[in-house]
Amino acid sequence: MGIDAGFDMVPRLSKGVVDKHNWDQFISSIKQHYRDDPQVETKPNYILFKAGERPKLPFEGHKFLRFSSKVSGAKAAATRAQSYIDTVTRVARVHFGSRVQCWNDGADRYGTYDWGEVNESIESYEQPESHTSIASFLTGSDPIKELGIPVFEIKTIPGKGRGLIARFNISKGTRILCEEPLITTRPMPPSELELFLAARLKALPRVSQRQYLSLHNNYPGKYPFANTFKTNALPCGAGSIVGGVYPTICLINHSCIPNSHNSWDSNAKHETIYAIRPIKAGEEITIPYDKGGTSATRLAFLKEAFGFDCTCRGCSRPPSDLQASDARRLRIQSLDDAIGDPYRMQSRPRQSLRDCRSLLQALEEEYDGCAGALGARLYYDAFQVSIAHGDQARAGVFAERAYRARVVCEGEGSPETQRARALARRPADHNSFGLCSMKWKSTRGMVPEGLDTAQFERWLFRE
Ligand SMILES: [Zn+2]
């Protein structure tokens, strides 16, 4: 006997390219997550979890109905099975949202599918199907090449030059693009930079040279290479003085309410773009170029630095909405400053946590519930306030939330995501553990159970 638990995919995934893409992303997150776990084995057609009833994840998502196992019984094995169920469910949620339906026989919540169809689906994992029909249906061209079909296309957008347009509906947390830089460099005087870039460009393959030279240059005239760099470079990591230029990523246009997040992976040495909110087919993919502030501040900055008048949906709101947005942006700035004040975190930590909660609400409102990396940063701030006063229970929850937000905007494998994940498990490993005081001392296990959402949030933010 024993209790069965797991999740069903409802409705099941189609053979379409979007579902396939999302499933591939999910499978690669799982592989990455368990790369050092010998109990999780990659077979030719599926991933096998060697615990409990040895659940599997097929590489063909349309075959998948259920991931489950018995989670009671012999202790160590059951605990391991439970941990696989929990983690796989959590990662699946990031990729498929409410399509992931959890159930647990012990709590009288049952799955959608009957065991007959589930077992049939699992048996079908063994026989891979050809993808030919799907891919050629979409493009009418070489199916092998099209298996890696990008989710966007490059188009000319009136008044904006080139940009990236979603070919399909893209779900939140999808990796849209990953690119290595054509060139990276530190800041230098323009004449020196021009010579440096000329030498570097000369050493690049011709296709890369053409890609570089086709990028927009906002400052025509003297120093064409340096000014193209200045127009397009993205910092290699938040606050880094090293910038990188990319063939496709540099075509992504700006929005003050972006739908995507760009980040530098310092281990892999590449830049990734992830969807931080659902993007509809035909919608433009956007990232933020601005440094925050009110609409007037942003407009002035974008005009000065990039030479355009922002007409994004954030800036073209009706006047009363724009006024409300400006007020929120000012509030976001002042809360952010207050939270970053170390003296305040030390002497009035409860107030710092309250500011974190207010900032969270302001961000949710301003960014329609998809604050991306700003949300991840905020949860990390709340983590720091808690751990500096010895509170591992709350710090663990905040790190867990920071981790989930990072997965959405940078994927499972990014160093920042992995760092948040490690802190969620062992908050006390952070070097500011107990740095200010131990007045909030708690262990990681002291997270209360049985609270409803509102009660839990009040506990979490010490209200
Ligand atoms: Zn704007």
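Note that the structure is a prediction, hence the values are computed from the model and not measured. (Residues numbered from 1 in each chain as written. Predicted model: local features only at pLDDT ≥ 70, side-chain atom pairs only at ≥ 80, totals over all residues. Heavy atoms only, no water.)

Chemist: How would you sum up the coordination of the zinc ion? Please name residues and give values.
Modeler: Note on the zinc ion: its protein donors are Cys256 (SG), Cys310 (SG), Cys312 (SG) and Cys315 (SG). The metal-donor distances range over 2.3 Å. For the zinc ion, the four donor atoms in the first shell make angles of 103 to 115° at the metal, so the coordination geometry reads as tetrahedral. Between the donor residues of the zinc ion, the gaps in sequence give the motif C-x53-C-x1-C-x2-C. Taken together, the positions of cysteine 256 in the loop between strand 13 (253-254) and strand 14 (260-265) and cysteine 310 in the loop between helix 9 (295-306) and helix 10 (319-339) put the pair 54 residues apart, joining distant regions of the chain. The same class applies to cysteine 256 as to cysteine 310, namely buried. (Donors = N, O, S within 2.8 Å, 3.2 Å for Na, K, Ca; no water. Tetrahedral: all angles 85-135°; square planar, octahedral: opposite > 155°, others 65-115°. Helix = DSSP H or I, 4+ residues; strand = E, 2+ residues; numbered from the N terminus. Buried < 20%, exposed > 50% of the residue type's maximum accessible area, 1.4 Å probe, protein only.)

Chemist: Describe the sheet that holds strand 10 (residues 183-185), naming the residues involved and giving the relevant values.
Modeler: Taken together, the three strands give an open sheet; going across it, the order is 10-12-11, and neighbouring strands pair in antiparallel fashion. Strand pairing shows two members of the sheet lacking a second neighbour, strand 10 and strand 11 (234-235), which therefore form its edges. When strand 11 meets strand 12 (residues 243-245), the two strands line up antiparallel, connected through two bridges. Across the sheet, the residue bridging to proline 235 is glycine 243, located in strand 12. (Pairing = 2+ DSSP bridges.)

Chemist: Tell me about the pairing of strand 5 (residues 66-70), and please be specific about residues and values.
Modeler: Of all the five residues making up strand 5, four are buried; the element is thus mostly covered by neighbouring parts of the structure. Relative to strand 5, strand 1 (residues 4-9) runs antiparallel, the two sharing five bridges. Its bridge partner lying in strand 5, aspartate 8 is registered against arginine 66.

Chemist: I'd like a description of the environment of alanine 238, backed by residues and values.
Modeler: Tracing the backbone through its elements, the reader meets alanine 238 in the loop between strand 11 and strand 12. In the structure, alanine 238 is positioned 25 residues away from serine 263 in sequence and 8.0 Å away in space, judged by C-alpha atoms.

Chemist: So what about the sheet that holds strand 4 (residues 56-58)? Which residues, and what values?
Modeler: Paired through backbone hydrogen bonds, the strands of a sheet run either parallel or antiparallel to each other. An order of 2-3-4 is seen for the three strands of this open sheet, with the pairing classed as antiparallel. Among the strands making up the open sheet, the edge pair consists of strand 2 (40-42) and strand 4. For this sheet, the mean angle separating the axes of adjacent strands, direction not counted, is 15°. Examined bridge by bridge, strand 3 (residues 46-49) and strand 4 share three bridges and lie antiparallel to one another. By the bridge assignment for strand 4, isoleucine 47 is matched with leucine 57. Of the strands in this sheet, strand 2, strand 3 and strand 4 touch helix 1 (residues 17-33), which is tilted by about 140° from strand 4. (Axes fitted to C-alpha atoms, helices over the stretch in contact; angles between N-to-C directions. Contact = heavy atoms within 4.5 Å.)

Chemist: Could you give me a rundown of a negative patch on the surface, with the residues and numbers involved?
Modeler: A contiguous patch of negative charge on the surface is contributed by Asp114, Glu117, Glu120 and Glu123. Looking at the element boundaries, aspartate 114 is found in the loop between strand 6 (100-104) and helix 3 (115-124). (Patch = residues over 30% accessible without salt bridge, like charges linked within 9 Å, V, L, I, M, F, W, Y side chains within 5 Å. Areas by Shrake-Rupley, 256 points an atom, 1.4 Å probe, with all protein chains shown as cover. Salt bridge = Lys/Arg side-chain N within 4 Å of Asp/Glu carboxyl O. Lys, Arg positive; Asp, Glu negative; His and termini not counted. Charge placed at Lys NZ, Arg CZ, Asp CG, Glu CD.)

Chemist: Can you tell me about helix 6 (residues 190-203), naming the residues and giving the values?
Modeler: For helix 6, which comprises 14 residues, the first-to-last C-alpha distance of 20 Å matches the rise-based estimate of 20 Å (1.5 Å per residue) to within 8%. Within the span of helix 6, buried status applies to Leu193, Glu194, Leu197 and Leu201. Burial along helix 6 is one-sided: seen end-on, the buried residues are contained in an arc of 100°. Facing away from the buried side of helix 6 by more than 90 degrees, the exposed set consists of Leu195, Ala199, Lys202 and Ala203. In this structure, the buried residues of helix 6 make contact with strand 10, helix 7 (206-213) and helix 8 (224-232). (Expected span 1.5 Å × (residues − 1). Arc of directions from axis to C-beta.)

Chemist: Outline the packing of helix 13 (residues 373-388) against helix 14 (residues 392-410), listing residues and values.
Modeler: Running from N to C, helix 13 and helix 14 cross one another at 165°; their axes reach a closest spacing of 8 Å. By the angle between their directions, the pair helix 13 and helix 14 is classed as roughly antiparallel. The two elements helix 13 and helix 14 cross, and the hand of that crossing is left-handed. Along its contact with helix 13, which presents Ala373, Ala376, Arg377, Tyr379, Tyr380, Ala382, Phe383, Ser386 and Ile387, the element helix 14 presents Gln392, Arg394, Ala395, Phe398, Ala399, Arg401, Ala402, Ala405, Arg406 and Cys409. Of the residues assigned to the contact of helix 13 with helix 14, the class counts are 13 nonpolar, two polar and four charged. (Parallel < 35°, antiparallel > 145°, perpendicular 65-115°, else oblique. Left-handed = near helix turned anticlockwise from the far one by under 90°. Nonpolar A, V, L, I, M, F, W, Y, C, P; charged D, E, K, R; others polar.)

Everything listed is a geometric property; what it means functionally is a separate question.
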